[in-house]
Amino acid sequence: MSLFSIFKRKSSRQVAKDRLKILLISDRVNCSPEMMELIKNDIAQVISKYMKIDTTSMEIQISKTGNSVRNGKVTPVLYANIPILDLKN
Amino acid sequence: MSEVIVVTSGKGGVGKTTTSANVGTGLAEMGKSVVLIDADIGLRNLDVVMGLENRIVYNLVDVIEGTCRLKQALIKDKRHAGLFLMPAAQTRDKNCVTPEQMVKLIDNLKTQFDYIILDCPAGIEQGFQNAVAGADHAIVVTTPEVSAIRDADRIIGLLEANEIKKIDLVVNRLRQDLVRRGEMMTVEDVLDILGIPLLGVVPDDENVVIATNQGEPLVGKNSLAGQAFYNICRRLEGKDVPFMDFNKNITIWTKVSGLFRKNLQEERV
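So, a few notes on the structure that sits alongside this text.

### Topic: the overall build of chain A
Working step 1: Within chain A one finds 3 helices and 6 strands.
Working step 2: Burial statistics for chain A: of 89 residues in total, 18% are counted as buried.
Working step 3: In chain A, the share of contacts with a sequence separation of at least 24, taken over all contacts with a separation of at least 6, comes to 51%.
Working step 4: Of the roughly 6900 Å² of accessible surface on chain A, 55% is carried by carbon and sulfur atoms.

### Digging into the interface of chain A and chain B
Working step 1: Taken together, the contacts link 12 residues of chain A with 12 residues of chain B.
Working step 2: Taking both partners together, chain A and chain B bury about 1200 Å²; carbon and sulfur atoms supply 56% of that area.
Working step 3: Looking at the side of chain A facing chain B, the largest losses of area belong to R13, K17 and L20 of chain A, adding up to 40% of the total buried there.
Working step 4: Where chain A packs against chain B, one counts 4 salt bridges.
Working step 5: Here K17 of chain A and D192 of chain B are joined by a salt bridge, their closest N and O atoms 3.3 Å apart.
Working step 6: On the surface where chain A and chain B come into contact, there are 7 residue pairs in polar contact (both at pLDDT 80 or more).

### Re unusual backbone geometry
All names here are of chain B.
Working step 1: You will see that E163, though not glycine, has its phi angle at about 60 degrees, which is positive.
Working step 2: The phi torsion at R173 lies on the positive side, around 60 degrees, for a residue other than glycine.
Working step 3: Considering the arrangement of structural elements, one finds R173 in strand 7 (residues 166–174).

### Looking at the packing of aromatic side chains
Residue and element names in this part refer to chain B.
Working step 1: Summed over the entire model, instances satisfying the criterion amount to 1 aromatic pair over all chains.
Working step 2: Centroid distance F84 to F113: 5.7 Å. Interplanar angle 65 degrees. Geometry classified as edge-to-face. One end of the pair, F84, is in strand 4 (residues 83–86); the other, F113, is in the loop between helix 4 (99–110) and strand 5 (115–119), with 29 residues separating them in the sequence.
Working step 3: Residue F113 is classed as buried on the basis of its relative accessible area of 6%.

### Here's the deal with the pattern of salt bridges
Opposite charge on two side chains makes pairing possible when the charged atoms of those side chains draw close.
Working step 1: Counted by the stated rule, this structure contains 14 salt bridges over all chains.
Working step 2: With its nearest N and O atoms 3.9 Å apart, the salt bridge here joins K166 of chain B to D168 of chain B.
Working step 3: What makes D168 of chain B buried here is its relative accessible area of 9%.
Working step 4: Bridged by salt links that share partners, the residues R13, K17 and K21 of chain A together with D189 and D192 of chain B form one connected network.

### Re the packing of helix 6 (residues 146–161) of chain B against helix 8 (residues 187–194) of chain B
Residue and element names in this part refer to chain B.
Working step 1: Running from N to C, helix 6 and helix 8 cross one another at 35 degrees; their axes reach a closest spacing of 10 Å. Relative to helix 8, the crossing made by helix 6 is right-handed. Together, I149, A152, D153 and I156 of helix 6 and V190, I193 and L194 of helix 8 make up the contact between the two elements.
Working step 2: Within the contact of helix 6 with helix 8, the residues separate by chemical class into 6 nonpolar, no polar and 1 charged.

### Comments concerning the environment of I84 of chain A
Residues and elements named next belong to chain A.
Working step 1: Mapping I84 onto the fold places it in strand 6 (residues 84–87).
Working step 2: With relative accessibility at 47%, the residue I84 sits in the partly exposed group.
Working step 3: Discounting chain neighbours no more than four positions away, the residues touching I84 are M51, K52 and I53.

### Points about the pairing of strand 1 (residues 3–8) of chain B
Residue and element names in this part refer to chain B.
Working step 1: In terms of burial, strand 1 is a largely internal element, 6 of the 6 residues being buried.
Working step 2: Of the two faces of strand 1, both are covered, the one formed by E3, I5 and V7 as well as the one formed by V4, V6 and T8.
Working step 3: Pairing of strand 1 with strand 5, which is carried by 5 bridges, proceeds in the parallel orientation. Pairing of I5 across the sheet is with I117, part of strand 5.

The rules behind each value
- Residues numbered from 1 in each chain as written.
- Chains lettered and ligands numbered in written order.
- Predicted model: local features only at pLDDT ≥ 70, side-chain atom pairs only at ≥ 80, totals over all residues.
- Heavy atoms only, no water.
- Helix = DSSP H or I, 4+ residues; strand = E, 2+ residues; numbered from the N terminus.
- Buried < 20%, exposed > 50% of the residue type's maximum accessible area, 1.4 Å probe, protein only.
- Contact = heavy atoms within 4.5 Å.
- Areas by Shrake-Rupley, 256 points an atom, 1.4 Å probe, with all protein chains shown as cover.
- Buried area = accessible area lost by both parts, 1.4 Å probe.
- Salt bridge = Lys/Arg side-chain N within 4 Å of Asp/Glu carboxyl O.
- Polar contact = N/O pair within 3.5 Å; in protein donor to acceptor, adjacent residues only side chain to side chain.
- Phe/Tyr/Trp six-rings, centres within 6.5 Å; stacked < 30°, edge-to-face > 60°.
- Axes fitted to C-alpha atoms, helices over the stretch in contact; angles between N-to-C directions.
- Left-handed = near helix turned anticlockwise from the far one by under 90°.
- Nonpolar A, V, L, I, M, F, W, Y, C, P; charged D, E, K, R; others polar.
- Pairing = 2+ DSSP bridges.

As structure tokens, this is what we get:
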């Protein structure tokens, strides 16, 4: 460890605080499974207008790992994994 | 008008039972009539912390099932005339009681006591639902650790969903030496994250272990934790008791003057 990194080392207090803040974002936004199902169906419907998708194996989830930062705060990200069976156009 | 307080935390082992015992005892010391209810059916411990384990005949489940009268399950405290314990059943489980039955039980107790304090089990299942059902005030106990704070956040969400209007925080087992070294979150950090009003800060104190060994709550006694619990009781009674400033810069002068002001500081935890 270089001398520089000793000075740069975050205190474990700060590490704990930062980890908690990010962790609680995803804990708090976790929608109910019913709501996630509704969102999933709506997305599937819209996408289906333009291309043929595999609705049975599509997945959506809310996550904090997107590194989406706004005003210095980490915001949660909605991920959708939608397998395309056929591009209509 | 009696106040029904549930002491909860989500995570186990952060000090719910210790807090319940000390807050109940402290309020009784102030002349209030208090009943402590151990809502942790199957894993009761409030009786041993209070030192009343040898006096149990009937318990909460007996009252709810009608095996005994309400009065028969209330154990009188050794020292305080106005303090009673309703122990949990040890050989039953949480599912043998419903939230509706708990509300009914609490309604009966409301006519006799100023404070009804429920020691909630860890977790968010049936036992939690039973304990919060009749409460109008919640004390969330946490330690300044990531796991305890995460669970506390979840519990706060569930308390809000259960329409508990008043939710206060007790930060337990604060290690001031670690905070000074930057190796433990400060009370301000915890408040910043959880966003609920602070009711009290209890420093990590070996006297808590000693008191539990002896089955005698240490509230009001000459120890940091004892003073901290007493201050929590005073705040519950509506008194404005200032918090100790844990963020103070430690210089040689504050250390020296601190030696002389030790008693004064203990007043303010």
